[in-house]
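Understanding the architecture of this molecule
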Amino acid sequence: MSPPTTGTASPQAARSRPSRRRGRSLWRAVLIFVAPFGLLYALFYAVPIGYAIYESLLTVQRQGTFGPATQVFGGFTQYVQVFQDSAFWTSVGRVLVFGVVQVPVMLLLALVFALLLDSPLLRGKKFFRLAFFAPYAVPGVIAAIMWGFLYSPSLSPFSDLTKNVDFLGSGLVLWSIANIVTWVYVGYNMLIIYSSLLAIPQEIYEAAKLDGANNWQVAVRIKIPLVMPAIILTAVFSIIGTLQLLAEPQTLRSFSTAINSTYTPNLAVYTTASIPNYSLAAAMSVVLALFTFVLSFVFLKLTQRRAFA
């Protein structure tokens, strides 16, 4: 025979009710803190990406030669045009060459500046930290206009040099853009690497000094290996930024005839959208985003063991 039941809850049930209430309160608190980020992420990231993919699947159709244009579902028609567009892929190849040269040079300068700021031998660190970082505060368009005047033979204060070296010609304009990008972003990357250097415990340096290591050996054998994750992080950011190159070449078009409307992939997307052909521009954007993701992912995979060992 089972024992008689009473109206009083068991001790286990009494203890579980506060636990459930604490669990619900915890989830409400998490939701309150996460909801603003989730809403902004959806509105300004997920929704635009989804709309770009949707737009890329449409195509323009006309009734007759002069009929009104209507958008209809076209499947992968726009993507076929993208992969057949030689000008677009030429621009992709151009920025890849740009990145292969410019990114290592910029990161090397950023590493050298960060090591100088972290060196006990340097005086006036506050001044140099501000001087190295100050160009990043200049908007890319303003920087391109400023350097455009410096490159122009008729406007530059260094006319003796610019009249003999055509910085805005077809042979050098890509590297003139590289100089602008390096000037602007080397301080930003330096700050990331320098922050990583500041996080290294001082006991490691003291132990190295006791073992007889000089400043050069400490920098090469201790500092650089320990900040390698930060260097790889800045490299990923730089790869993404390289494929998004737009402001500098678009601004320098006012100074140079060597830069056409499809000089970089983003400039090609901007020009296509200005026609306007939004569906083809959206398809270019999606392809460029996928290409950027694959390139960054492959780079991370190749450097992952060294970065996070």
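Details of the structure are given in the entry above.
Here the structure is a predicted model, which is why all the values come from computation and not from measurement.

**Focus: the overall build of the protein chain**
- Regarding its fold elements, the protein chain presents 13 helices and two strands.
- Relative to the 2.2 N^0.38 estimate, which gives 19 Å for 309 residues, the radius of gyration of the protein chain is 28 Å and therefore markedly larger than a compact globule would have.
- The principal-axis extents of the C-alpha atoms in the protein chain amount to approximately 105 × 80 × 30 Å.
- Taking all 309 residues of the protein chain together, 33% fall into the buried category.
- In the protein chain, once contacts between residues fewer than 6 apart in sequence are set aside, the share between residues at least 24 apart is 65%.
- About 19200 Å² of surface is accessible on the protein chain, with carbon and sulfur atoms providing 68% of the total.
- Computed over 21 positive and 9 negative side-chain charges, the inter-centroid distance for the protein chain is 19 Å.

**Some remarks on the pattern of salt bridges**
- This structure, assessed with the given rule, holds one salt bridge.
- Across the pair Lys223 and Asp118 runs a salt bridge, and its minimum N-O distance is 2.9 Å. Linking Lys223 in helix H9 (residues 215-226) with Asp118 in helix H3 (residues 86-118), this pair joins segments that are 105 residues apart in sequence. Of the two residues examined, Lys223 and Asp118, each falls in the buried class.

**Description of the side chain of Thr59**
- Looking at the secondary structure, you find Thr59 in strand E1 (residues 58-62).
- On the basis of relative accessibility, which here comes to 18%, the residue Thr59 falls in the buried class.

**Considerations on the nonpolar core**
- If you look at the biggest cluster of nonpolar residues, it comprises 22 residues, and the most contacted ones within it are Leu111, Ala114, Met190, Ile193, Leu197, Val227 and Ile231.
- Secondary structure elements with two or more residues in this core: H3, helix H7 (173-198), helix H8 (202-210), H9 and helix H10 (228-243).
- With six residues, the single largest contributor to this core is H3.
- Residues within four places of Val227 in sequence aside, it is in contact with Leu111, Ile193, Ser196, Leu197 and Ile200.
- With 17 residues, the next largest nonpolar core counts Ile177, Ile180, Leu245 and Leu252 among its residues.

**Regarding the environment of Val173**
- Topologically, Val173 is positioned in helix H7.
- For the pair formed by Val173 and Gly50, sequence separation is 123 residues and the distance between their alpha carbons is 36 Å.

**A short note on the side chain of Ser176**
- Residue placement: Ser176 occurs in helix H7.
- Residues in contact with Ser176, not counting those within four places in the same chain, are Tyr151 and Phe167.

**Quick notes on unusual backbone geometry**
- Between Ile275 and the following residue, Pro276, the backbone shows a cis peptide bond with an omega angle of 5°.
- Take Pro276: it is sitting in the loop between helix H12 (265-273) and helix H13 (278-308).

**A look at a nonpolar patch on the surface**
- On the surface, a nonpolar cluster with roughly 560 Å² of combined accessible area is contributed by Val97, Val100, Val101, Val105, Leu109, Leu172 and Trp175.
- The biggest single contributor to the nonpolar patch is H3, with five residues.

Calculation criteria
- Residues numbered from 1 in each chain as written.
- Predicted model: local features only at pLDDT ≥ 70, side-chain atom pairs only at ≥ 80, totals over all residues.
- Heavy atoms only, no water.
- Helix = DSSP H or I, 4+ residues; strand = E, 2+ residues; numbered from the N terminus.
- Rg over C-alpha atoms; globule rule 2.2 N^0.38 Å.
- Buried < 20%, exposed > 50% of the residue type's maximum accessible area, 1.4 Å probe, protein only.
- Contact = heavy atoms within 4.5 Å.
- Areas by Shrake-Rupley, 256 points an atom, 1.4 Å probe, with all protein chains shown as cover.
- Lys, Arg positive; Asp, Glu negative; His and termini not counted.
- Charge placed at Lys NZ, Arg CZ, Asp CG, Glu CD.
- Salt bridge = Lys/Arg side-chain N within 4 Å of Asp/Glu carboxyl O.
- Core = buried A, V, L, I, M, F, W, Y, C linked by side-chain atoms within 4.5 Å.
- Patch = residues over 30% accessible without salt bridge, like charges linked within 9 Å, V, L, I, M, F, W, Y side chains within 5 Å.

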